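# Working through the structure, step by step
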Amino acid sequence: MPLTRRQALASAGAAAIASGLARPAIAANEPIRIGYLPALTGPSSSTGIGINRGIQLAVQEINAAGGINGRQIELITRDTQSEPTKAVNGAAELTHGEKVSVVFGPVNSGESLAVVPLLARGRTPQVHPCWVDTLTDTKKYPMCFRNAPTNQQIGAAANRYVVDVLKRKKVAVISDTSGYGTATVNAYVPMLKAKGAEVVYQGNVDAANPDLRPELLRMQSAGAEAIMPWSVNAGFLSRIINTRGQMGWDVPIVGQTTLGSGQTKALLEKPEYWAKVYPNNFRPVCYAPGGKVPERTTAFLDRLKSAKIDMGDTLLWWIALGYDSPRMIAEAMKNVGPEPDQIVDYLNKLKGFPGVYGDISFTPDQHDGYPDDEVVMVEANSLKDGAFNLAPGYGA
Amino acid sequence: MVESIVLSGVAIGCIYALIGVTYNVMFSASRVFSFTAGTLGMLGGVLGSLFIARAGMPVVVGFVLVLAAGALFGVVTEVVAVRPVLRSLEQHLYVLSTLALALMTQQLTAIEWGTESRPFPRLFDLARGGFDQQFWLPMAACIAVIVGLELLYRRTLVGRAFLAIAEDTYAARALGLPERRLRMASFALAGMIGALAGFAGGEMLLAFFGNAPMLTFYGFVPVALGGMGNNRGAMVAGLLLGLFQQAANFLVGGIFASVAVFTVFILVLLARPEGLAGAAVQRRV
C-alpha cells in the first residue's frame, strides 16, 4: 500500500508524541544538571576558589546520600576566568547546550552584571552571591535570587557598628576613584547622615596615589572619630592603615572586607598597625568572645576537617556560602522537581533555609535573601583558619 | 606639613622626572614618543619585588636583573613598536604601536602578577624615619641619572654619537654612524632609566600593575613642560610637578588635586607651547 504524504506526517507526529511521552520514564533516572559559573582562574579567582571547595563538598554529600529523589546531581562547570565575556559564553552554553535546570553564579559582580539579564531572557532560574544592588530585581529578573548580602546591607552594617556600637558621630568616608568606590561612597554617606552621624570628610582618591597623608591630616583636622574606607584595592587600604600608624592617630578604621585580607596584611609597615581595623564579615562564620562559633558552624568545621578541606589560604565564609548554595537548590528540587517555574515558586516562598553562612528567606517581592543582622564587623588581625573574631562591642 | 609636602613632593617629582628622561632618550634617538615609558617604571617595581621579595635574590642581583630587563624591554619596544613605523613618522602611527605594546604589557602583568598592589622590599636595612629611604632613593637615582647622562653625552664617543643622531639622523648616517644600532642602544638605555625609576620608587608606589598608566601620564608632563628632548628641562619640570601635586593634595585633596595639576599644565602650554625650557622652533623662510 503506497504511503501518502499525509500518512507519513501523521505517523512521524505519532512517533514524536510517543517518544516525548516516553521521555519522563528515562529522565527519571538521569542526573539533574546544575549549571555553575565560578571564576576559578584569573585576577578575581580567590573568591571562586574558596566557594568551589564548599560546592564540591555539598554536591558529594548530596549524591552520597542518594541525590535528589534518587537522581544524582551533575554539576556542569564553566570557568569564567574572571572575565564577563567568558561568563556570558559559559551561561549561553549552560542554558542552550547543556540544558541545565538552574544556574549558580557567577560569583563576581562584574561577571554577574553581564550574565543576569541573559539568564533572565532565557528563563533559567539563577542563584548568585554577588553584592551589587541592581543584580536582583523581581520585575526585570523574576527568576534570579541572591543568597548573600547586598552592598546596602554591607554599608548599613558598617554604619551601625560605627554609630551604634562604637558611638562615633564624626566620620570620614574615603574611597578610590573606581566605579565601586565612588558609587559606594555616594550610597553610604546619606545612610550615615540618616543615622545621625556627621560626615566631616568625604573624598575619592586615585588608588595609585602614593601618599595619603594629606587626606588623613584633613580628616584629623576635621575632627573625624572613625575612618570608613570603601575600596577593594589592598594598596590603597594599606596606605590608609600605614599612614594612620605613622601619625600615631588612635582612630578605628571600619569598612570593606579587603581590609582584613592577606594582601593588605602583606603591605603593612608594622604588624601592629592592623589593630583597630574592622572589616565586614558574617556572624555565623565568626568567632564570638571565647573563640566559639554557632553549633551549625562547628558541625560544618568538623565536616571540612574530615573531608580534609584546606582553610588556611581562603575564607570560611566563602566555603560556607559555596556549601549552602547547592543544598538550597537541592532542597527546592526535592520538594517540587527540576522544572524552572516550580523551582522559582518554591524559592519565592523560602523561609529561613538553614545555611551555615546564614538563614536565607525570599518572598515574591524580595529576592535578596540574606538577613541584615548577620552582617557584622570583625577584628582584621584575628584571622585563624579562615575566620575572624567579632569586633569588640557585639557581645556574645 | 611643609616638610611632608617637600619630602614626598621632591621624591615623586624625581620619579616623574626620570620617566620624562626615559621619554626623551627614546625621542632623541628616533623622534618617537614611546608611551611605554610608564610601563618601564611599572616593570621596575614589579620585577624588583619579584626578584628580591618573592625569589629571595640579593638586592644587588635583583637590581642588575631589573636594569637588564628594562634594557631588554627597551630593545623590544624599538624592534616591535618603533622601527616598523619610522618610515611614516608624520602619520604618528607610533602613538598606536607604542600604546598597544604598553597596554599588552600592562595586561600581561595583571594576569601573571595579579591586580593587587604587592609589597616592594626594603632595600637597605635601616630604621624607618623622617628622611626615609623611600624618599631619598628616588632622589639619589635622579642625581645618578643626570650625572651619568651628562658624562655619557659630553665625555664619551658613544654619547657624542647619540647626540649626533639626535641632531640630524641623515647627516649622522652619511658620516658612517651605525644609526640603527645606536637607536637600539638608546632604547636599551631608556629602558634602564625607566626601570630604575620604578625600582627606586618601588617602596613608595608599591609593585602594582596600575602604576603604568599613572606614570605614563604624569611622566609626560615634564617632557611637555621642559621641552621635547630636553633632559634638564624634564628634571626641573618633574620636580616642580611633584611639589605642585603634593601641595595640591594638601590644599584641595582627592581627585581635585589631579584637576589642579592638569589645569596648570594646560595653562603653561597655552602661554609657552614650546615648554618652559624649550626654545621656539625657527622656521626657515
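Structural notes, computed from the coordinates. Owing to the predicted nature of the structure, the values given are computational and were not obtained by experimental measurement.

Our focus in this paragraph is the overall build of chain A. A count of helices and strands for chain A gives 12 helices and 13 strands. In chain A, which comprises 396 residues, the proportion classed as buried is 53%. The contacts of chain A with a sequence gap of at least 6 include a subset with a gap of at least 24, amounting to 67%. Positive and negative side-chain charges of chain A, numbering 39 and 37 respectively, have mean locations separated by a distance of 2 Å.

Here we come to the pairing of strand E6 (residues 170–176) of chain A. All names here are of chain A. Along E6, 6 of the 7 residues are buried, which leaves the element largely enclosed by surrounding structure. One crossover worth recording links E6 to the parallel strand E7 (residues 198–205) by way of helix H6 (residues 179–194), and it is right-handed. Taken together, the 5 bridges between E6 and strand E8 (residues 226–230) define a ladder with parallel strand orientation. The residue bridging Ser175 from the neighbouring strand is Trp230, located in E8.

As a volume, the second largest pocket reaches approximately 810 Å³. Together, 32 residues line the second largest pocket, and A:Gln246, A:Glu269, B:Arg128, B:Gln134 and B:Phe135 are the ones closest to its centre. Looking at the lining of the second largest pocket, the elements that each hand over two or more residues are helix H8 (234–247) of chain A together with helix H1 (2–30), helix H5 (133–155) and helix H9 (202–205) of chain B. If you tally residues by element for the lining of the second largest pocket, the top one is H8(A), at 5 residues.

All names here are of chain A. Of the consecutive residues Gly105 and Pro106, the connecting peptide bond is found in the cis state with omega at -5°. Topologically, Pro106 is positioned in the loop between strand E3 (102–104) and helix H4 (109–121). Of note, the phi angle at Ser82 is positive, near 65°, even though the residue is not glycine. Considering the arrangement of structural elements, one finds Ser82 in the loop between strand E2 (73–77) and helix H3 (84–97).

On to helix H2 (residues 45–64) of chain A. Here H2(A) spans 28 Å end to end across 20 residues, near enough to the 28 Å set by a 1.5 Å rise per residue. Positive backbone phi, approximately 105°, marks A:Gly66, located one or two places after H2(A).

This brings us to the packing of helix H6 (residues 157–167) of chain B against helix H8 (residues 179–200) of chain B. Residue and element names in this part refer to chain B. Interhelical geometry of H6 versus H8 gives an angle of 105° and a closest axis separation of 10 Å. With respect to each other, H6 and H8 are oriented roughly perpendicular. Contacts between H6 and H8 involve Ala161, Phe162 and Ile165 from the former and Glu179, Leu182, Arg183, Ala185, Ser186 and Leu189 from the latter. Looking at side-chain class alone, the contact of H6 with H8 contains 6 nonpolar, 1 polar and 2 charged residues.

Before going further, it helps to spend a moment on the sheet that holds E2(A). Residue and element names in this part refer to chain A. On the basis of which strands lie adjacent, the open sheet formed by 5 strands has the order E2-E1-E3-E4-E5 and parallel pairing. With one partner strand each, in any of the chains shown, E2 and strand E5 (144–146) form the two edges of the open sheet. Neighbour-to-neighbour, the strand axes of the sheet open up by a mean angle of 25°, direction not taken into account. In this sheet, E5 lies alongside strand E4 (residues 126–128) in parallel orientation, the contact comprising 3 bridges. Within E5, the residue paired with His128 across the bridge is Arg146.

This next bit is on the state of the cysteines. Throughout the structure, instances matching the rule amount to 0 disulfides over all chains. Cysteine A:Cys130 remains unbridged, with the sulfur of A:Cys144 as its closest cysteine sulfur at 8.8 Å. On the accessibility criterion, A:Cys130 (1% relative accessible area) is buried. Summary of cysteine pairing: B:Cys14 is not part of a disulfide, and the nearest cysteine sulfur, belonging to B:Cys142, is at 4.0 Å.

What follows concerns the nonpolar core. In this structure, A:Phe282, A:Phe300, A:Leu304, A:Trp317 and A:Leu347 are the most contacted members of the largest nonpolar core, which totals 84 residues. Top contributing element to this core by residue count: helix H11 (residues 316–336) of chain A, with 12 residues. Apart from residues lying up to four places away in sequence, A:Leu304 is in contact with A:Leu57, A:Ile309, A:Met311, A:Leu316 and A:Ile319. In this structure, B:Leu18, B:Leu149, B:Ala172 and B:Leu189 belong to the second largest nonpolar core, which totals 78 residues.

Another point: the interface of chain A and chain B. With 22 residues of chain A at the interface, the matching set in chain B holds 24 residues. Of the roughly 1,900 Å² buried where chain A meets chain B, counting both sides, 56% is carbon and sulfur surface. Where chain A meets chain B, there are 0 salt bridges. Connecting chain A to chain B are 6 residue pairs in polar contact (both at pLDDT 80 or more). Broken down by element, the residue count for the side of chain A that touches chain B peaks at 5 residues, all from helix H7 (residues 213–221) of chain A. When grouped by side-chain class, the residues that make up the side of chain A that touches chain B number 10 nonpolar, 6 polar and 6 charged.

This paragraph deals with the pattern of salt bridges. Residues and elements named next belong to chain A. Evaluation of the coordinates by the stated rule reveals 22 salt bridges over all chains. Between Lys195 and Asp164 there is a salt bridge whose closest N-O contact spans 3.0 Å. With Lys195 in the loop between H6 and E7 and Asp164 in helix H5 (residues 151–165), this pair connects stretches of sequence that are 31 residues apart. By sharing partners, the salt bridges in this structure join Arg33, Glu74, Arg78, Glu93 and Glu98 into a single network.

Here we take up the side chain of B:Thr105. Its place among the elements puts B:Thr105 in helix H4 (residues 93–113). Residues in contact with B:Thr105, not counting those within four places in the same chain, are B:Thr39, B:Leu43 and B:Phe73.

Moving on: the packing of aromatic side chains. Going through the model one piece at a time under the given rule, you end up with 28 aromatic pairs over all chains. Each ring, one from A:Tyr357 and one from A:Tyr370, has its centre 4.7 Å from the other, and the planes form 40°; the classification is tilted. Taken as a pair, A:Tyr357 in the loop between strand E11 (353–354) and strand E12 (359–360) and A:Tyr370 in the loop between E12 and strand E13 (375–377) lie far apart in primary sequence, 13 residues in all. Note on accessibility: A:Tyr357 and A:Tyr370 belong to one class, buried. What links up through ring pairs into an aromatic cluster is the set A:Trp131, A:Phe282, A:Trp317, A:Trp318, A:Tyr357 and A:Tyr370. Sitting over the face of the ring of B:Trp113, B:Arg118 holds its NZ or CZ atom 5.3 Å from the ring centroid.

Residue and element names in this part refer to chain A. Of all 5 residues in strand E1 (residues 32–36), 4 are buried, a share of seventy percent or more. Inspection of the sheet shows E1 paired to E2 by 5 bridges, in the parallel sense. Residue pairing across strands places Tyr36 opposite Thr77, the latter belonging to E2. Taken together, the 3 bridges between E1 and E3 define a ladder with parallel strand orientation. For Tyr36, the partnering residue across the bridge sits in E3 and is Phe104.

This part is about the packing of helix H3 (residues 59–82) of chain B against H4(B). Residue and element names in this part refer to chain B. For the pair H3 and H4, interaxial distance at closest approach is 9 Å and the crossing angle is 130°. In terms of axis orientation, H3 runs oblique to H4. By crossing handedness, the relation of H3 to H4 is classed as right-handed. Across from Phe73, Thr77, Ala81 and Val82 in H3, the residues of H4 making contact are Ser97, Thr98, Leu101 and Thr105. Its residues placed into classes, the contact of H3 with H4 shows 4 nonpolar, 4 polar and no charged.

Scoring rules and cut-offs
- Residues numbered from 1 in each chain as written.
- Chains lettered and ligands numbered in written order.
- Predicted model: local features only at pLDDT ≥ 70, side-chain atom pairs only at ≥ 80, totals over all residues.
- Heavy atoms only, no water.
- Helix = DSSP H or I, 4+ residues; strand = E, 2+ residues; numbered from the N terminus.
- Buried < 20%, exposed > 50% of the residue type's maximum accessible area, 1.4 Å probe, protein only.
- Contact = heavy atoms within 4.5 Å.
- Lys, Arg positive; Asp, Glu negative; His and termini not counted.
- Charge placed at Lys NZ, Arg CZ, Asp CG, Glu CD.
- Right-handed = clockwise from strand over helix to strand, strands pointing away.
- Pairing = 2+ DSSP bridges.
- 1 Å grid on protein atoms, 1.4 Å probe; cavity = no way out; pocket = protein on both sides within 12 Å on 5 of 7 lines; lining within 4 Å.
- Points joined across faces, edges and corners; volume = space filled by probe spheres on them.
- Expected span 1.5 Å × (residues − 1).
- Axes fitted to C-alpha atoms, helices over the stretch in contact; angles between N-to-C directions.
- Parallel < 35°, antiparallel > 145°, perpendicular 65-115°, else oblique.
- Nonpolar A, V, L, I, M, F, W, Y, C, P; charged D, E, K, R; others polar.
- Disulfide = S-S within 2.5 Å.
- Core = buried A, V, L, I, M, F, W, Y, C linked by side-chain atoms within 4.5 Å.
- Buried area = accessible area lost by both parts, 1.4 Å probe.
- Salt bridge = Lys/Arg side-chain N within 4 Å of Asp/Glu carboxyl O.
- Polar contact = N/O pair within 3.5 Å; in protein donor to acceptor, adjacent residues only side chain to side chain.
- Phe/Tyr/Trp six-rings, centres within 6.5 Å; stacked < 30°, edge-to-face > 60°.
- Lys NZ or Arg CZ within 6 Å of the ring centre and 35° of its normal.
- Left-handed = near helix turned anticlockwise from the far one by under 90°.

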